[in-house]
Amino acid sequence: LIHFIKRINKINISMGKPKAKARRGASSSAPGKPNKQKETKYNIEDILNKAEECLDEYKYELAQKFCERALQMDNDNVRALELTSGLLLDMGQVESAQHCLGRAIFLQPEDGHSKYLSLAQIMSGTESRDLYRKGIELINNRISSLAASDESLAELRRDLSNALVSISEIYMSDLCDEPEAQQESEQCITRAVEADSTNPEAYQAQANYALVTGNTDVAKSSIQKSLELWLPDHLKFLEDGSGKETSLSHNFRTSTVKILLDLEDYDNANKILDALLEEDDQVVSTWYLLGWSNYLRSKSDPDYSGNARHYLTRAQQVNSVAPTDDTDLMDHIRTLLDELGGVENGDAATAAENGDIADVEADRVAEILDKEAETEAADESNGDVMMQE
């Protein structure tokens, strides 16, 4: 934080009309007139509101300028520190973000839960768990002080539910060797559902826990409850705008797909993957999961082998344009393509890297695309979301 403050203090940010350069030797004020101090046009809350707007619109450079100006005005303003930490995280500067959040906690340890939850997300193990617990304590204190009709309760309950989910995940990962891990994880998930029964993340955590502990029936029931809370509305929104676009993250929905594949619910998995492609078709993992889904289906129906080969080859093509740093994923794609066969060794990867998928068994790819087009036309009235090339 010290280095960050020192750096921003060197930056001159003009908040209004640019000043004209003074002539050499000229006085900065007119002769005979008192030198009045220029009034500040904006207060710190105005500047922070502008910073939030820029962050919401992904205008990071402009948001950075507003945050720097706010910290110049008051480098112990907690709201400015929290906003700056979010900006730093978006820029990949995790250590600086930790310093900002740590300072905010030092300044207001008993007021405001969000800084604890934000810092918990970038810590691990017991440190992360304890930060979540403190955030949960402050949320519960806040909830108990509000009237039952208060509009902020829904958001607080969602924050509470998600924090409990996060603790359960810590006990299933970093702290899985602790003797109380299974009991704590299960209790946190139960409390998460109780805190907010409309939270898809709570039911998905319940499904994941059930899978890990071998209770497939509960896993199927829980993941269906999670899907019902967001997927139909999201698909309607993509189809004709009548539904509601989900705010669930890309990573969450990718995790949803993995659970569905473990449960052999390929139809819902493909609906989510197709929707992810509509948002961004330059993500390697989405194409990989489509390929993996079809590969798994090909074990019982060989007709899916061509689809699997197509999607996996497409994943290689996308990787040549927007590379992933997941080497294990790319190794698995190559392994699957080798197993699927159908082209000479190396030809699929070469053609994909050259950006010409038509060179890879063109007849078969055309057949796949024709089949998808026919299916789309037949199901159009049912509102199915089909993948667009």
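As the structure is a computational prediction, the values presented were derived from the model and not from experiment.

Scored by pLDDT, the protein chain has a mean of 84; 77% of the residues are at 70 or more. Predicted confidence is poor over residues 1-33, with pLDDT under 50, and the contacts of this stretch with residues over four places away or in other chains come to 26 contacts. A low-confidence stretch, residues 375-389 (pLDDT under 50), is modelled with 21 contacts involving residues beyond four sequence positions or located in other chains.

Let us now look at the packing of helix H8 (residues 153-171) against helix H9 (residues 181-195). Two quantities define a packed helix pair, namely the angle between the helix axes and the distance between the axes. Viewed as axis vectors pointing N to C, H8 and H9 meet at an angle of 165°, and their least axial separation amounts to 8 Å. Considering the angle they form, H8 stands roughly antiparallel to H9. For H8 against H9, the interelement crossing comes out left-handed. Counted together, Arg157, Leu160, Ser161, Leu164, Val165, Ile167, Ser168 and Tyr171 of H8 and Ala181, Glu184, Ser185, Cys188, Ile189, Arg191, Ala192 and Ala195 of H9 form the full contact between these two elements. Looking at the contact of H8 with H9, its residues break down into ten nonpolar, three polar and three charged.

The contact between helix H12 (residues 231-240) and helix H14 (residues 266-279) brings their axes to 11 Å, and the two run at 45°. Taken as axis vectors, H12 and H14 run oblique relative to one another. H12 and H14 meet at a crossing whose hand is left-handed. Residues Leu231, His234, Leu235 and Leu238 of H12 lie in contact with H14, whose contacting residues are Asn268, Lys271, Ile272, Ala275, Glu278 and Glu279. For the contact of H12 with H14, a count of residues per class yields five nonpolar, two polar and three charged.

With that settled, the discussion passes to the nonpolar core. Counting 39 residues, the largest nonpolar core has Ile272 and Ile333 as its most contacted members. Taken together, the elements giving at least two residues each to this core come down to helix H10 (200-212), helix H11 (216-228), H12, helix H13 (250-262), H14, helix H15 (284-298), helix H16 (304-321) and helix H17 (327-340). Top contributing element to this core by residue count: H14, with seven residues. For isoleucine 272, the residues in contact, after removing those within four places along its chain, are Leu227, Trp230, Leu231, Arg253, Thr256, Val257 and Leu260.

This part is about the pattern of salt bridges. Oppositely charged side chains are able to pair whenever their charged atoms sit close together. Across all of its chains, the model carries 13 salt bridges by this definition. For glutamate 45, the salt bridge goes to arginine 79, with nearest N and O atoms at 2.4 Å. Pair noted here: glutamate 45 is in helix H2 (residues 44-56) and arginine 79 is in helix H4 (residues 78-90), with a separation of 34 residues, a long-range link. Here arginine 79 falls in the partly exposed class, since its relative accessible area comes to 23%. Measuring nitrogen to oxygen at the nearest pair gives 3.3 Å for the salt bridge that ties lysine 134 to glutamate 137. Of this pair, lysine 134 and glutamate 137 are both found in helix H7 (residues 125-144), three residues apart, which corresponds to roughly one turn of the helix.

Analysis parameters
- Residues numbered from 1 in each chain as written.
- Predicted model: local features only at pLDDT ≥ 70, side-chain atom pairs only at ≥ 80, totals over all residues.
- Heavy atoms only, no water.
- pLDDT = per-residue confidence, 0-100.
- Contact = heavy atoms within 4.5 Å.
- Axes fitted to C-alpha atoms, helices over the stretch in contact; angles between N-to-C directions.
- Helix = DSSP H or I, 4+ residues; strand = E, 2+ residues; numbered from the N terminus.
- Parallel < 35°, antiparallel > 145°, perpendicular 65-115°, else oblique.
- Left-handed = near helix turned anticlockwise from the far one by under 90°.
- Nonpolar A, V, L, I, M, F, W, Y, C, P; charged D, E, K, R; others polar.
- Core = buried A, V, L, I, M, F, W, Y, C linked by side-chain atoms within 4.5 Å.
- Buried < 20%, exposed > 50% of the residue type's maximum accessible area, 1.4 Å probe, protein only.
- Salt bridge = Lys/Arg side-chain N within 4 Å of Asp/Glu carboxyl O.

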